[in-house]
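Letter by letter, the chains look like this.
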Amino acid sequence: MRPMPAGLDIGSSSVKAVLVPRDGSAGRAARRRIGTRRRPGGRVEHDAEAVLGAALAALHAILPGRARAPEPLGIATQRSTVLFWDRDSGRPLTPAYSWQDLRGAPLCERLRRRSRPGRDRRVPGPLETAIAERTGLRLSPHYAAAKLAWALGHVPGLRRKVAAGRALWGTLGTFLAWRLSGGAVYAIDHANAQRTLLFDLGSQSWEPQLFEMFGLESLLDAPALPALVPTTLTESPFLDTAGLPVRLAAMTGDQQGALIGLGCRYEGAIAINYGSGAFVLISTGRRLVRAAGLLTTMVASWREPGAGPTLRTEARYAVEGTVNAAATAIHWASTRLRLRLRSADLDRYLGEDAGRTHGVHFLPAVSGLGAPRWDAAARPRFAGDVRRASARDLLRAVVESIACRCAEIIRASPARGGTAPILAAGGLTRCRTLLQAQADLLQRCVIVRESPDATCLGAALLTRPPSTWWADARRGVGPLRRRPGDVIIRPRISRGEAEDRYLAWEKAVYGRAVAR
């Protein structure tokens, strides 16, 4: 019997494992909860040993006791979550500092002030520009570098252990690979390495100047530096020490896994994940596109035969933008309007008057503004004829502002995907008012695809040859294929009316509108 790949998704609140049969659907699945510790000062942590235990339990639940051949395993982990562990025992020396953790914020602020003394915070300085050019990202405490620096400065004895070669570091994926392989694999994939702010996206290598910038020079010496590997591994080690009939075949980040699992596997594909925030990813295929105000993300990489005996690395990229508050903004407004609504109740409350905010607009800056403006000091506010607006008008303005912010990100990208449909996922897709506004503003169909196993499916797909899952234009493979259960939302207004609505919102919340 042909082995079935397995996908492992290490999320912020749970670990999920899924077996994926040949047709690419989700087969046997298991989920295990993991805890999150939240401490004062924006500190968010996980117990890495508990995460490992949950991963093993989920894998043992889906894998057969005996297999004729080891199943290929793909691991997708929350990006930017990082820790140190003991090289000899494998035991964690620190908690796993979550991607949400902000303990590195003071260091990032010091670097900003050094780069642009007295300048407007919204204008990046030379140091921030250099980071963006090298990494495709922005200087932020959410990424791993500042958290690694904090640990070296605050965890007793850690710096000494690193200098003695007794401490290793990495993302959760690096830690799991090390422990599951009994120390045979000490590596980080390109997709997760990028989220450290220490990885040069162009050369696909560690950048010593970035290590020095964050005071992490001691991590440059072996054995404290994990090997860089493509997301689809060239060699697939058998994880015999974990008692699992699997071989490690792929490693990636959770957003990359979800993008691939949802079906956005061709240049021009656009996906929006509507949750607490909204994440917009636009696939640029082979092109490494840098767009002002947006992030450049490596989606996947693998090695192919090059000239002579060498292997060349192939990579696929996307531009990415974040709306910091989506469902969070709706909750913020509902609380102040004294409304008790779930996302499933929004359409019934708002009624059929979608697209008409009655002269009221909203800036959903509950947690500041993300892409493309990146203004952490921005605050949520209504604009327009607020006094005459009803609670329904105000809440409708909030819902439609989320669609406007996603449209703002797509309008800022030079790779807008033509007229391809938008793939929508996440809990807030239950609000059809939001999705209709999105289809209208972008003048494209929105395909709602509920796939709770998307990240696992993407991780499992990465274990296969790229030619089986990445649709390159030269092969004439069609773009997004409809799946059973997909719901299609079509635009209901003209292109001119869509442009007028967007520009009216932009002028109301920012003070001016920019036609494109």
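All values derive from a computational prediction rather than experimental measurement. (Residues numbered from 1 in each chain as written. Predicted model: local features only at pLDDT ≥ 70, side-chain atom pairs only at ≥ 80, totals over all residues. Heavy atoms only, no water.)

Undergrad: An account of the pattern of salt bridges is needed here, citing residue identities and associated values.
TA: According to the stated counting rule, one finds 27 salt bridges in the structure shown. One salt bridge connects E314 with R316, and the closest N-O pair in it is separated by 3.0 Å. A relative accessible area of 10% means that E314 is categorised as buried. On the basis of relative accessibility, which here comes to 1%, the residue R316 falls in the buried class. (Salt bridge = Lys/Arg side-chain N within 4 Å of Asp/Glu carboxyl O. Buried < 20%, exposed > 50% of the residue type's maximum accessible area, 1.4 Å probe, protein only.)

Undergrad: Quick one: what's the story with the packing of helix 10 (residues 327–336) against helix 12 (residues 391–412), residue by residue and with numbers?
TA: The contact between helix 10 and helix 12 brings their axes to 10 Å, and the two run at 170°. When the axis of helix 10 is compared with that of helix 12, the two are roughly antiparallel. Contacts from A329, I330, A333 and S334 in helix 10 reach L395, V398, V399 and I402 in helix 12. Of the residues that constitute the contact of helix 10 with helix 12, the class distribution is seven nonpolar, one polar and no charged. (Axes fitted to C-alpha atoms, helices over the stretch in contact; angles between N-to-C directions. Helix = DSSP H or I, 4+ residues; strand = E, 2+ residues; numbered from the N terminus. Parallel < 35°, antiparallel > 145°, perpendicular 65-115°, else oblique. Contact = heavy atoms within 4.5 Å. Nonpolar A, V, L, I, M, F, W, Y, C, P; charged D, E, K, R; others polar.)

Undergrad: Can you lay out the side chain of K147 for me, pointing to particular residues and giving the numbers?
TA: Mapped onto the elements of the fold, K147 is located in helix 4 (residues 144–154). As a buried residue without a salt bridge, K147 has its nearest oppositely charged side chain in D101, at a separation of 5.7 Å. Here S80 takes part through its backbone oxygen, which lies 3.1 Å from a polar atom of the side chain of K147. Not counting residues within four places of it along the chain, the set of residues in contact with K147 comprises S80, V82, Y97, S98, W99, D101, R103, P141 and H142. (Lys, Arg positive; Asp, Glu negative; His and termini not counted. Polar contact = N/O pair within 3.5 Å; in protein donor to acceptor, adjacent residues only side chain to side chain.)

Undergrad: Go over the sheet that holds strand 14 (residues 246–253) with me, naming the residues and quoting the values.
TA: Spatial strand order, 3-2-1-6-14: five strands in an open sheet with mixed pairing. Where the open sheet ends on each side, the last strands, each with one partner, are strand 3 (29–33) and strand 14. The mean inter-strand angle of the sheet, taken between neighbouring strand axes irrespective of direction, is 15°. Where helix 6 (residues 172–180) meets the sheet, it contacts strand 1 (6–10), strand 6 (71–77) and strand 14, and its direction lies at approximately 145° from that of strand 6. (Pairing = 2+ DSSP bridges.)

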